[in-house]
Amino acid sequence: MGWKRKDLLSLQDLEAAEIRDVLDTAGSMKEIATREIKKVPTLRGKTVVNLFFEASTRTRTSFEIAGKWLSADVVNFSASGSSAEKGESLLDTAKNIEAMSPDVVVVRHKASGAPALLARHLRCAVVNAGDGAHEHPTQGLLDLLTIREKKGHLEGLSVAIVGDITHSRVARSDIHGMKKMGITVTVAGPPTLIPPACQELGVKVSHRLEEAIAHADVIVMLRLQHERMESGLIPSLREYSRVWGLSLDKLKHCRPDVLIMHPGPVNRGVELSPEVADSRYSVILDQVTNGVAVRMAVLYLLAGSQPA
Amino acid sequence: MTSREKAQVLDDTALDRALTRIAHEIVEQAGGEGVALVGIKTRGVTLAERIAEKIAGIEGTRPPVGALDITLYRDDLRLKAEQPAVRGTEIPFPIKGRTVVLVDDVLFTGRTIRAAMDALMDLGRPRIIRLAVLVDRGHRELPIRPDYIGKNLPTSRRESVAVMLREHDGVDRVVIQEPTDS
Amino acid sequence: MSLLIRQGRVVDPASRIDGVQDVLVVDGRIGTVGPGLRAPQGTQVIDAAGKVVCPGFIDIHVHLREPGFEYKETVASGTRAAAAGGFTAVACMANTVPVNDNRAVTDYILAKARVEGVVRVYAIGAVTRGLRGEQLAEMAEQAEAGCVAFSDDGRCVMNAALYRRAMEYALPFGTPLISHAEDCHLAHGGVMHEGFVSTDLGLTGQPAAAEDVMVARDIVLAELTGAHVHIAHLSTAGAVRLVRDGKARGVRVTAEVTPHHLLLTDEAVRDYDPNTKMQPPLRSNRDVEAVLEGLLDGTIDCVATDHAPHALSEKEGEFAEAASGVVGLETAVPLLLDRLVRPGRLDLSTFVARMSSGPARVLGLPGGSLAPGAAADITILDLERPFTVDPAAFHSRSRNTPFRGVTGTGAPIMTIVGGTVVTP
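The rules we used
- Residues numbered from 1 in each chain as written.
- Chains lettered and ligands numbered in written order.
- Predicted model: local features only at pLDDT ≥ 70, side-chain atom pairs only at ≥ 80, totals over all residues.
- Heavy atoms only, no water.
- Helix = DSSP H or I, 4+ residues; strand = E, 2+ residues; numbered from the N terminus.
- Rg over C-alpha atoms; globule rule 2.2 N^0.38 Å.
- Buried < 20%, exposed > 50% of the residue type's maximum accessible area, 1.4 Å probe, protein only.
- Contact = heavy atoms within 4.5 Å.
- Areas by Shrake-Rupley, 256 points an atom, 1.4 Å probe, with all protein chains shown as cover.
- Pairing = 2+ DSSP bridges.
- Axes fitted to C-alpha atoms, helices over the stretch in contact; angles between N-to-C directions.
- Parallel < 35°, antiparallel > 145°, perpendicular 65-115°, else oblique.
- Left-handed = near helix turned anticlockwise from the far one by under 90°.
- Nonpolar A, V, L, I, M, F, W, Y, C, P; charged D, E, K, R; others polar.
- Salt bridge = Lys/Arg side-chain N within 4 Å of Asp/Glu carboxyl O.
- Buried area = accessible area lost by both parts, 1.4 Å probe.
- Polar contact = N/O pair within 3.5 Å; in protein donor to acceptor, adjacent residues only side chain to side chain.
- Expected span 1.5 Å × (residues − 1).
- Disulfide = S-S within 2.5 Å.

Moving on to the overall build of chain A. Within chain A, the regular secondary structure consists of 13 helices and 9 strands. The C-alpha atoms of chain A give a radius of gyration of 19 Å, which matches the 19 Å a tight globule of 308 residues would have. In terms of overall dimensions, chain A has a C-alpha envelope of 55 × 45 × 35 Å along the principal axes. A buried classification covers 61% of the 308 residues belonging to chain A.

Here is the structure:
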């Protein structure tokens, strides 16, 4: 099937066949990374704007490399703070960017729904690079690509997502993407970090780490933001890490071929012990590599879906 | 748009004979040493594999065969309603300093070959690039000329040439098709 | 000067009238209601055959935004919107700038209303100075100046001791306290209803419990003080239950519900349209069913729009940062007629009662019936008139409605205040 969407806003929107399409395309893109000259002319003359309202060096760099390897002109536009603080509304900023005729705008914003708002108002393609606690679709896709590479397939696998589910856009994209690809998902964390009616997303909810990871083929450990402690959702990092952090000891009860993933940046010693982060189970760096391939695939597919 | 078969141009024996001839010409002209075959996906790869087998029969050694996906090098991407699928390039040998024979099924406007040459150049610097095609149907839009031709086939622009191969289509034959809606 | 409204179906629940009658208005007051009335010389005659003639509708919860936010709404534009929407009177909340927490501001608003107001305007004073929840406002003087109720609407008076004192202090004026029931700690950061949709959208939710605990507290305090507490924009099944129970026990508690809480659920938020953002937020389907049930059985006394105008720039950005509130004056009657009355989910008589006599009783206002001698405030409806919600045609200065483009059947066609037709 062909790609027909103008924007990539969420994995909830996508059909399984579309996800497969992106993963297959990304798989082909990986070859380019192995070349001496890492560049193909595909998006020559196309302009990609990284419109980041929230700092994220990793995601921005990943999109930047992806665009550059495809020969697109990549421009970074960082706008920090809320629209109220800087006195220019999100739409005004976006319309200014659009006046410079980009082909793809990659948006990171702390407000859930901001990319959807831009997509409604901009003619160019919009890629959601993370919006609030809503979705981070390219992260979800790169997680799927990594799992498929390591396990050879997706259907029938079992994944545990552990940590602050409530505030995690990665968790939501993972859940939607994985469910569509036939993966069984369990989310686990202290009840204060599990969002209301979470099981209606089609996942199992567990309040015990050991139970959640016992039979998992893959464990996705989420980053714990320090402000969760300040807002009273957990008593202390120390306690969180003891109860919800993954150590080699806790891994003993897991499948011997379990994969550990993390969207980064890792709080070593909080959600992952350093030994686990560097262990043979960890595929965290493969995720980073696959991130570029997935973003190349997304830019390629979206840049071609535009009116000629 | 549907099309119907107008004429068969090559049957299985003729197709095999054409590939044998191309194999011999490659050996004669380029010598066995250092030659590599790179097929353009999808049927070009199958043809390259078959030619490599024939060269192995003649020379005793089988030249390496690679597969090239030229999707990322096309010059018509934005003319399409949706992006064509990227199928991946697999060339598991260095091409630097080599004689590379590009293999494709049908040579038409020459744009695919242009893209293929660009793609090859990005992968390294071959000493020589040559071009082998099973069918040359004319109508070139770029100054590109094949070195090895299975069959010259004058066609009209509205016709199409279908190369069918056992591996994909269960039969070896080449036919000319024309649209039925006329 | 007299006016004869002929052959309309008069629906006046307060007088137990529902039938085709004529209404004769003399000198701004209802003269006679009966069949085949004769018009004195020089009487203006309105043919209301096939139409519904009701006591003027009263909206006891609007934000006219003046003084301070005239770019959103003014007394003039807001009352024009009210007249267009079939309302003959409105009561405006105190969260202006300066806040209506003293006599001077009340006087200003009421003076504006006398000069520029198209319908009757009642003022609601603040409970605490600056709506800060720290110190009582000068309620006695404000009551003298004409405030008909007191409310910090937009904010909840979190300090229970202070709120208790406010209730006690207001007892001699006979004015209710109107509660914006929202525990600000439970609701903290929540931009929509907490539930599956908030989880799905990645927006911070506020639980229904944030409303319920405050409604419970206020009922308890009303019981303690003997004061009349009125729950503004009641939106949860739990709050309906609490009010129903409170009334059954004889507590002086009343409640209102907005059209949007009767008609929309949190599913409406799905495309992050800030026009679906309001306080309290759009709730679950269960809550919507419960508030309708409460409206039917009288647990909820009236409909009030919580008309909350905002400029486009405050309503077109990120959902989490957009202003809360929707306009309602010009959409309430048509939408309720089409969505609730027409399908038979709310009978016409109850609807009229909750729009007229209900709100009048809550605030102790005149009006709400067509009894002879009453001020001739009359709303005429055409149950067969098709409508399309077109914000560009609003008389309000603001256009923030989640109902843009909605079509239906049934609309107000004429608004009469004190015997004068004021329909814009």
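Read on for the rest.
Of regular secondary structure, chain B possesses 4 helices and 8 strands. Against the compact-globule benchmark of 16 Å for 182 residues, chain B has a radius of gyration of 16 Å, which places it among compact chains. Residues classed as buried in chain B amount to 48% of the 182 residues present. Contacts in chain B between residues at least 24 apart in sequence constitute 70% of all its contacts with a sequence separation of at least 6. Of the accessible surface of chain B, which amounts to about 8,600 Å², a share of 48% is contributed by carbon and sulfur atoms.

Another point: the sheet that holds strand E4 (residues 99–107) of chain B. All names here are of chain B. If you walk across this open sheet you meet the 5 strands as E3-E2-E4-E5-E6, and the pairing is parallel. With partners counted over all chains shown, the strands left at the sheet margins are strand E3 (65–68) and strand E6 (148–152), one partner each. Pairwise comparison of adjacent strand axes, ignoring direction, gives a mean angle of 25° for this sheet. In the sheet, strand E5 (residues 128–136) pairs with E6 via 4 bridges, with the strands oriented parallel.

Residues and elements named next belong to chain A. Closest axis-to-axis distance for the helix H4 (residues 90–98)/helix H5 (residues 114–121) pair is 10 Å, and the angle between their directions is 50°. Considering the angle they form, H4 stands oblique to H5. Both H4 and H5 take part in a crossing whose hand is right-handed. Counted together, Leu 90, Leu 91, Ala 94 and Glu 98 of H4 and Ala 114, Leu 117, Leu 118 and His 121 of H5 form the full contact between these two elements. Taken together, the residues of the contact of H4 with H5 sort by class into 6 nonpolar, 1 polar and 1 charged.

To continue, consider the pattern of salt bridges. Per the counting criterion, the structure on display carries 55 salt bridges over all chains. Residue Asp 257 of chain A pairs with Lys 151 of chain A through a salt bridge whose shortest N-O separation is 3.5 Å. In this pair, Asp 257 of chain A sits in the loop between helix H11 (248–251) and strand E9 (259–261) while Lys 151 of chain A sits in helix H6 (residues 137–151), placing the two residues 106 residues apart along the sequence. The class for Asp 257 of chain A is partly exposed, based on a relative accessible area of 37%. When its relative accessible area of 18% is taken as the criterion, Lys 151 of chain A is described as buried. Linking Asp 245 of chain C and Arg 249 of chain C is a salt bridge whose minimum nitrogen-to-oxygen distance equals 3.3 Å. Residue classification places Asp 245 of chain C among the partly exposed residues on the basis of a relative accessible area of 39%.

Residue and element names in this part refer to chain C. When strand E1 (residues 2–12) meets strand E5 (residues 52–55), the two strands line up parallel, connected through 2 bridges. Considered in E5, the bridge of Val 10 is made with Val 53. Pairing analysis gives 4 bridges linking E5 to strand E16 (residues 378–388), with the strands arranged antiparallel. By the bridge assignment for E16, Val 52 is matched with Leu 381.

The next thing to look at is the interface of chain A and chain C. Interfaces are often described in size by the accessible area the parts lose on coming together. On the chain C side, the residues contacting the 25 residues of chain A number 15 residues. Summing the contributions of chain A and of chain C, the shared interface buries around 1,600 Å²; its carbon and sulfur component is 53%. The largest per-residue losses of area from chain A upon contact with chain C belong to Ser 112, Arg 120 and Pro 196 of chain A, which jointly make up 26% of the total buried on that side. Connecting chain A to chain C are 1 salt bridge.

With that settled, the discussion passes to the environment of Glu 271 of chain A. Residue and element names in this part refer to chain A. Within the secondary structure layout, Glu 271 lies in the loop between E9 and helix H12 (274–277). Judged by relative accessible area, Glu 271 falls into the buried class, the value being 0%. Considering only alpha carbons, one finds Glu 271 and Lys 250, 21 residues apart in sequence, at a separation of 12 Å. Setting aside anything within four residues of it in sequence, one finds Glu 271 in contact with Met 221, Leu 222, Arg 223, Leu 224, Trp 244, Gly 245, Leu 246, His 262, Pro 265 and Val 266. Here the side chain of Glu 271 touches Asn 267 through a polar contact of 2.9 Å, landing on its backbone nitrogen.

All right, on to the pairing of E16 of chain C then. In terms of strand pairing, E16 of chain C meets strand E17 (residues 407–417) of chain C through 8 bridges, oriented antiparallel. Bridge pairing in E17 of chain C links Phe 387 of chain C to Gly 408 of chain C.

All names here are of chain A. With 15 residues, H6 extends 21 Å from end C-alpha to end C-alpha; this agrees with the ideal 21 Å at 1.5 Å per step. Judged by how many residues are buried, H6 sits mostly within the fold: 12 of 15 residues are covered. Those residues of H6 lying buried are Pro 137, Thr 138, Gln 139, Gly 140, Leu 141, Leu 142, Asp 143, Leu 144, Leu 145, Thr 146, Ile 147 and Lys 151.

Quick look at the state of the cysteines now. Residue and element names in this part refer to chain C. Under the defined criterion, the tally for this structure stands at 0 disulfides over all chains. In this structure Cys 156 is a free cysteine whose sulfur lies 7.1 Å from that of Cys 184, the closest cysteine sulfur available. Given a relative accessible area of 17%, Cys 156 falls into the buried group.

Let us now look at the side chain of Ser 273 of chain A. With respect to the secondary-structure elements, Ser 273 of chain A resides in the loop between E9 and H12. Classification of Ser 273 of chain A by relative accessible area gives buried; the value is 13%.

Our next topic: the sheet that holds strand E8 (residues 218–221) of chain A. Residue and element names in this part refer to chain A. With parallel pairing, the 5 strands of this open sheet are ordered in space as E7-E6-E5-E8-E9. Two strands lie at the open edges of the sheet, namely strand E7 (204–206) and E9, each paired on one side alone. If you compare each strand with its neighbour and ignore which way they point, the axes differ by 20° on average. The pairing of strand E5 (residues 158–162) with E8 spans 4 bridges and is parallel. Pairing of Ala 160 across the sheet is with Ile 219, part of E8. Against the sheet, H6 touches E5, E8 and E9, its axis set at about 165° to E9.

All names here are of chain C. Direction vectors running N to C along helix H10 (residues 332–341) and helix H11 (residues 348–355) enclose 150°, while the axes themselves pass 11 Å from each other. For the element pair H10 / H11, the angle class is roughly antiparallel. Crossing handedness for the pair H10 and H11: right-handed. Side by side, H10 and H11 meet where Val 333, Leu 336, Leu 337 and Val 341 of the first sit next to Leu 348, Phe 351 and Met 355 of the second.

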